[in-house]
Each structure stands twice: as structure tokens, then as C-alpha cells.
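Each chain is listed here by its residues.
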Amino acid sequence: MIDRREILLSATAASALALAEPLCAATPAANDAGAAALDKLFDQFMSENLDRSPIFATSLGLDTGARAHQRAEVDDNSLKGIAGDKALDSDQLRRLKAFDRSSLAGIDRLNYDIELFKLQTGDDANKRYDFGPGGAGNPYAISQLSGIYSQFPDFLDSQQPVENKSDADAYLSRLEKVSTLLDNDSEVARHDSALGVVPPDFALDKTLTQLKTLREVDADKSVVAQSLARRTKEKNLAGDYGAQAAKIVAQSVYPALDRQIALVKDMRTRATHDAGVWKLPNGGQYYADSVL
């Protein structure tokens, strides 16, 4: 969820652009109209990605102005949400393919090709695999390395802004939604397990250790409660925000963690020691898609 949507031109793309500079300098100047049209299309893609991912908007510092409401919202990491993300990827690919590449030159044509490659490989993987959060490279919704349980405490502590009362209220609003996010992860994991997509036993052992460690902390001592208490105090904001956060953790987040712990324990009974993705449905192709 949190890192599911990426900037249109990734760090990999940026590296490719840097390497291609001499070549681009030797090509004809880009058609101004074509370049402007491509910029507009990319802006649309970025806006759509941000619309679907308030967490992405916050991570980029874009949850302000017209997007200020997103600071209190979360992504949809349910099966329905994953399907929606895949549908958007497919539609963006369709629109990019319909774009007149011949209207571009130099760096604009390279940008087009990079984005086309990203969307095409992502769409191909989305259509091949009905498990995981989408695409390839991360087959498990819940593991020792993946899942809302391992991501959200740090996100709220280090990326969620707390500068004023509105921010503190947004923090609480997001915290209230964590139980739904945890249950969504469990929904996806349950769906995937039915397809035979289960992490190896040693990974689930580590997952259980991490889940139990998170759950065993008193609610008022949890990272998310302590973080909000500390930061609202630093900003001299009136109200016992730490206590409010602790109440949400105790009454909402921890019961969802208990449900997830029970699910992972059940998954553990069906896990094997095989770690390779070859064991997954269409595992050989999944490996190939993951290393693209």
C-alpha cells in the first residue's frame, strides 16, 4: 500500500536519462506540441496515481492545498482496491499507446519509452498473477518484510506531519483506519493462501515474532501513541492526543492485530520450507517478471 504507487520517472529512469544525454543531444529538438502533450498526459497519470494513494501524496509532501483532505485518508489495499489499481495501470497503458510517439524527439521520446516499458511490464504482470498487491516482485501481502503492520507505525511516526491541530486530527483519523487496512491485508492473504501462495515457514515464524512484539506493547507506550503525544506537546497543542491515540490502538488496532496473528498462525500450519518463488502459480514466469 504505502510504497505501492511510484513516481512516473523512477530513480532507474533518471539514471537511464543521465546515461542517454549524449545521444539525446545529438537528436533533433523535440516537437514543442508533442512534448507539451506528453507532459500533460504524464501530469494526468500522476494526478490519478495520487488520487488513488493518499499515502503516496503524503510521502511526497503533496497532501496540501486541494489535496489537504488526503492527509487524513488512506489507500484502498483491499482486493477491490488492488483490482482498481490494476485497472488504472491498464487504462494508462492504453492511453500512452494511443499517443503519437512520432511527435516526440530526444529526451521526450526517451521519457515516453521508459514510461511505456514500466506500464507494459506492470500490466503484463497484473494480468498474469492473481495474488499479491499487484505486479511482480512481492508475492506476499503479509510476511516478515511486507504488510501494513510493519509499515504504518513508522509512516505515522516519521512521515505523517504534525504541525497544528488539523494535522493532529488527521493523524488520529488515519490511525482509526489502520484496523481496516490490517483486515484488508488479511483478506488478501486469505485469498492468496487459497491459491497456494503462502510464505515459507521460517518467514512466517519471523512474521509472528514481529506481530507479537508489536501487539505486546501497552497501547499508551506504542510508537503511534507516543509519537503523537510527543509531537503535539512540542507544538503546544491543547488536548491529550496521546491518550486518544492509545484508545484507538487498544480498541481498534490491537483487535485487528489479534485477528491477523490468528490468520498467520493458521497459514504457518500449511507452510513449507521452500523459499523460492518457483513454488508459486506460474512461478518461473513470476521470477522472470520480478527481475526485470
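To start, this report covers the structure provided alongside it.

Cut-offs and rules
Position labels on residues start from 1 in each chain and follow its written sequence. Where totals are concerned, whole chains, interfaces and linings use all residues; where local detail is concerned, this predicted model gives features only for residues with pLDDT of at least 70, and gives and counts side-chain atom pairs only at 80 or more. Side-chain metrics in this entry use all non-hydrogen atoms of the structure; hydrogen atoms and water are not considered. For the purposes of this entry, the term helix denotes a DSSP run of H or I that reaches at least four residues, the term strand denotes a run of E that reaches at least two, and both are numbered from the N terminus. Throughout this description, buried means an accessible area under 20% of the type-specific maximum (1.4 Å probe, protein chains only), exposed means over 50%, and partly exposed covers the range between. Contacts are assigned to residue pairs that have any heavy atoms within 4.5 Å of one another. Accessible areas in this description were obtained via Shrake-Rupley with a 1.4 Å probe; residue shielding takes into account the shown protein chains only. Buried and open spaces are told apart on a 1 Å grid over the protein atoms alone, a cavity being a set of points where a 1.4 Å probe fits but cannot get out and a pocket being an open set with protein on both sides within 12 Å along at least five of seven lines. Residues with an atom within 4 Å of a point are the lining residues. Grid points are joined across faces, edges and corners, and a volume is the space filled by probe spheres set on the points. Side-chain classes are defined by residue name, with Ala, Val, Leu, Ile, Met, Phe, Trp, Tyr, Cys and Pro counting as nonpolar, Asp, Glu, Lys and Arg as charged, and the others, Gly among them, as polar. Just to be clear on terms, a salt bridge is a Lys or Arg side-chain nitrogen sitting within 4 Å of an Asp or Glu carboxyl oxygen.

It is worth spelling out the overall build of the protein chain at this point. The helix and strand tally for the protein chain stands at eleven helices and zero strands. Counted from the first residue to the last, the protein chain has its helices and strands arranged as α-α-α-α-α-α-α-α-α-α-α. In the protein chain, which comprises 292 residues, the proportion classed as buried is 47%. For the protein chain, long-range pairs separated by at least 24 residues make up 79% of all intrachain contacts whose partners lie at least 6 apart in sequence. About 14000 Å² of surface is accessible on the protein chain, with carbon and sulfur atoms providing 55% of the total.

Moving on to empty space enclosed by the protein. In total, this model carries one cavity of 30 Å³ or more according to the counting rule given. By volume, the largest cavity amounts to about 40 Å³. Lining the largest cavity we find P139, Y140, A141, I142, A189, D192, S193, V197, P199 and M267. Residue classes in the lining of the largest cavity are distributed as eight nonpolar, one polar and one charged.

The next subject is the layout of surface pockets. One number sums up the size of the second largest pocket: a volume of about 210 Å³. Around the second largest pocket, the lining is made up of 17 residues, and of these P153, L214, S222, V224 and V253 lie nearest the centre. Contributing elements (two or more residues each) for the lining of the second largest pocket: α6 (148-158), α7 (165-194), α9 (223-234) and α10 (241-269). By residue class, the composition of the lining of the second largest pocket is 15 nonpolar, one polar and one charged.

The next subject is the pattern of salt bridges. This model, assessed by the stated rule, comprises 20 salt bridges. Of the charged contacts in the structure, one is a salt bridge between D289 and R128, with a shortest N-O distance of 2.8 Å. Pair noted here: D289 is in helix α11 (residues 283-290) and R128 is in helix α5 (residues 106-128), with a separation of 161 residues, a long-range link. Assessed through its relative accessible area of 13%, D289 is described here as buried. Between E163 and K235 there is a salt bridge whose closest N-O contact spans 2.9 Å. Residue E163 is found in the loop between α6 and α7, and its partner K235 is found in the loop between α9 and α10; the two are separated by 72 residues along the sequence. Taking the relative accessible area as the measure of exposure, E163 reaches 48% and is therefore partly exposed. The class for K235 is partly exposed, based on a relative accessible area of 37%. Each member of the salt-bridge network shares a partner with another, and the members are E48, D91, R94 and R95.

Taken by themselves, the reported measurements are silent on function.
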